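A look at the structure
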Amino acid sequence: MNARQKGARGERLWRDELREAGFTARRGQQFAGGTDSPDVICEELSNLHMEVKFVQALNLDAACAQAERDAGKKSWIVAHKKNNKTWKVTMDSSLFFQLLREGMDCLKRS
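All of the points below concern the structure found in this document. No experiment lies behind these values; they were computed from the predicted model shown. (Residues numbered from 1 in each chain as written. Predicted model: local features only at pLDDT ≥ 70, side-chain atom pairs only at ≥ 80, totals over all residues. Heavy atoms only, no water.)

All right, on to the overall build of the protein chain then. When helices and strands are tallied, the protein chain shows three helices and five strands. Traced from its N-terminal end to its C-terminal end, the protein chain shows the element sequence α-β-β-β-α-β-β-α. For the protein chain, buried positions account for 32% of its 110 residues. Pairs at least 24 residues apart make up 41% of the contacts formed inside the protein chain by residues separated by at least 6 positions. Accessible surface, the protein chain: about 7,500 Å² in total, of which carbon and sulfur atoms supply 49%. (Helix = DSSP H or I, 4+ residues; strand = E, 2+ residues; numbered from the N terminus. Buried < 20%, exposed > 50% of the residue type's maximum accessible area, 1.4 Å probe, protein only. Contact = heavy atoms within 4.5 Å. Areas by Shrake-Rupley, 256 points an atom, 1.4 Å probe, with all protein chains shown as cover.)

Encoded structure:
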């Protein structure tokens, strides 16, 4: 499987993860790069740019730089996965703290 095929497979897998979590998701336009062509598009999270990486050895700094560059004014994440491992999501700390402040009640102790 070449890198392009593996990337497309990873985008489909991330799309499916979003769908299983109850979101509407589809693969983006794969020809241009930039804010008009994220790897995966989610209607409910339209203000979030998603960069998807499905590789064994990820240069996370480069992936985050690409996501930030392509996101424009949107917030961004890098969804990344290795073979036989679970998905991980990397984001800027400002987005992480915003998510915590704005209602991640599932993390609060009862």
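Let's pick the thread back up.
Where burial is concerned, most of strand β3 (residues 48-54) is hidden: seven out of the seven residues are buried. Of the two faces of β3, the one holding L48, M50, V52 and F54 and the one holding H49, E51 and K53 are both buried throughout. As paired elements, β3 and strand β4 (residues 75-81) share seven bridges and run parallel to each other. Counterpart to E51 in the pairing with β4 is V78. Tracing the backbone out of β3, into helix α2 (residues 60-71) and back to the parallel element β4 gives a crossover that is right-handed. (Pairing = 2+ DSSP bridges. Right-handed = clockwise from strand over helix to strand, strands pointing away.)

Before going further, it helps to spend a moment on the side chain of T90. With respect to the element layout, T90 can be found in strand β5 (residues 88-91). At a separation of 2.7 Å, a polar atom in the side chain of T90 contacts the side chain of H80. (Polar contact = N/O pair within 3.5 Å; in protein donor to acceptor, adjacent residues only side chain to side chain.)

Right, let's get into the packing of aromatic side chains. Per the stated rule, a full pass over the model turns up two aromatic pairs. Here the aromatic rings of W14 and W87 are separated by 5.0 Å at their centres, their planes lie at 55°, and the arrangement is tilted. Note that W14 is positioned in helix α1 (residues 3-20) and W87 in the loop between β4 and β5, a separation of 73 residues in sequence. For the pair formed by W14 and W87, the shared burial category is buried. Over the ring of F54 we find K6; its NZ or CZ atom is 5.2 Å from the centre of that ring. (Phe/Tyr/Trp six-rings, centres within 6.5 Å; stacked < 30°, edge-to-face > 60°. Lys NZ or Arg CZ within 6 Å of the ring centre and 35° of its normal.)

Applying the stated rule across the entire model yields four salt bridges. With a closest N to O distance of 3.0 Å, R15 and D16 form a salt bridge. Residue R69 is joined to D70 by a salt bridge in which the shortest nitrogen-to-oxygen separation is 3.8 Å. On the basis of relative accessible area, D70 is assigned to the buried category, the value being 12%. (Salt bridge = Lys/Arg side-chain N within 4 Å of Asp/Glu carboxyl O.)

With that settled, the discussion passes to the nonpolar core. Within the largest apolar cluster, 12 residues are counted, these being W14, L18, A25, V40, C42, L48, M50, V52, I77, A79, W87 and L95. Contributing elements (two or more residues each) for this core: α1, β2 (40-42), β3 and β4. The element that contributes the greatest number of residues to this core is β3, accounting for three residues. Setting aside residues no more than four positions away along its own chain, C42 makes contact with L18, F23, T24, A25 and M50. Grouped together as the second largest cluster of nonpolar side chains are six residues, A63, A71, W76 and V78 included. (Core = buried A, V, L, I, M, F, W, Y, C linked by side-chain atoms within 4.5 Å.)

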